[in-house]
Amino acid sequence: MFDLTLSFDNGPTPEVTPHVLDALARRDVTSTFFVIGEKLVQHRALAERAHAEGHWIGNHTWSHSRPFGLMDADAAISEFDRTQQAIGSLMHRHRLFRPYGQGGNLDKRLLSRAAVEHLAREKATIVVWSALPHDWQDPDGWVERALDQIAVQPWSLMVLHDLPTGAMRHLDRFLGLVADRGGRVRQDFPPDCLPMIDGRLTQPLERYLAD
Ligand SMILES: [Zn+2]
């Protein structure tokens, strides 16, 4: 038995997000979509559909260009604020923010002190992750890696991507295999993946902060 929370980053994407939503609906699964601001303003209807179907919408930066730890403070703050504005009424009440990890790196590139201070002022909730099957690099092989990763921890928060790599063709099969193995898919987040909740730190952030 294990629990699994799913998140879909880097959308919305017209060729992919509707298919992901269909697969999740078939399996009666809800998740979170961490959207890129500049894509959201072009494809807002997709996020509206996700929201209407019970999924949560979070901020995944405006341009997804550089991790906040490698960006100057004003640029990082603007990346966050513009995306919050674009999400508007679709934003989850805990103001979910997923930092850009440039390939999924949970390290000192992730955030800067100035960015964290801004996130605290804005009462944001920082959502990191604990399972990363690299679906974008291995569109067919990610399912096996994902199953291996979630089998060895009691509750995983997985990052997948609603991007046109072909990987999401396997989403329905993956969800079937999770169910076959006794996995329980849930929408809420494991506490260890939330280093900040509503602007309050829940764990030291040093390991994610640029020096
Ligand atoms: Zn991303």
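Scroll up a little and you will see the structure.
As the structure is a prediction and not an experimental result, all values here were calculated from the model.

The rules behind these values
- Residues numbered from 1 in each chain as written.
- Predicted model: local features only at pLDDT ≥ 70, side-chain atom pairs only at ≥ 80, totals over all residues.
- Heavy atoms only, no water.
- Buried < 20%, exposed > 50% of the residue type's maximum accessible area, 1.4 Å probe, protein only.
- Helix = DSSP H or I, 4+ residues; strand = E, 2+ residues; numbered from the N terminus.
- Pairing = 2+ DSSP bridges.
- Arc of directions from axis to C-beta.
- Contact = heavy atoms within 4.5 Å.
- Core = buried A, V, L, I, M, F, W, Y, C linked by side-chain atoms within 4.5 Å.

Trainee: Quick question: what am I supposed to make of the pairing of strand β6 (residues 155-161) here?
Mentor: Along any regular strand the residues' side chains alternate between the sheet's two faces. The element β6 is extensively covered by neighbouring structure, given that seven of its seven residues are classed as buried. Alignment of strand β1 (residues 2-9) against β6, held across seven bridges, turns out to be parallel. Across the sheet, L4 pairs through a bridge with S156, a residue of β6.

Trainee: In this structure, what is going on with helix α6 (residues 142-151)? I would like to understand it.
Mentor: Residues three or four positions apart in an α-helix share a direction because the helix packs 3.6 residues into each turn. Buried residues of α6: W142, V143, A146, L147 and I150, and no others. Burial along α6 is one-sided: seen end-on, the buried residues are contained in an arc of 135°. Of the exposed residues in α6, those oriented more than 90 degrees away from the buried face are D148 and A151. In this structure, the buried side of α6 is in contact with β1, β6 and α7 (171-180).

Trainee: Mind showing me how you'd approach the nonpolar core here?
Mentor: Generally speaking, a soluble globular protein has its nonpolar side chains buried in company with each other. One finds L6, L171 and F174 to be the most contacted residues of the largest nonpolar core, which totals 35 residues. Elements with a contribution of two residues or more to this core: β1, α1 (17-26), β2 (32-35), α3 (44-52), α4 (73-87), α6, β6 and α7. Element by element, the count of residues in this core is highest for α6, at five residues. Setting aside chain neighbours within four positions, we find L6 in contact with L24, V29, S31, T32, M158, L160, F174, L175, V185 and R186. Membership of the second largest hydrophobic core comes to 27 residues, among which are F34, F80, L119 and L157.

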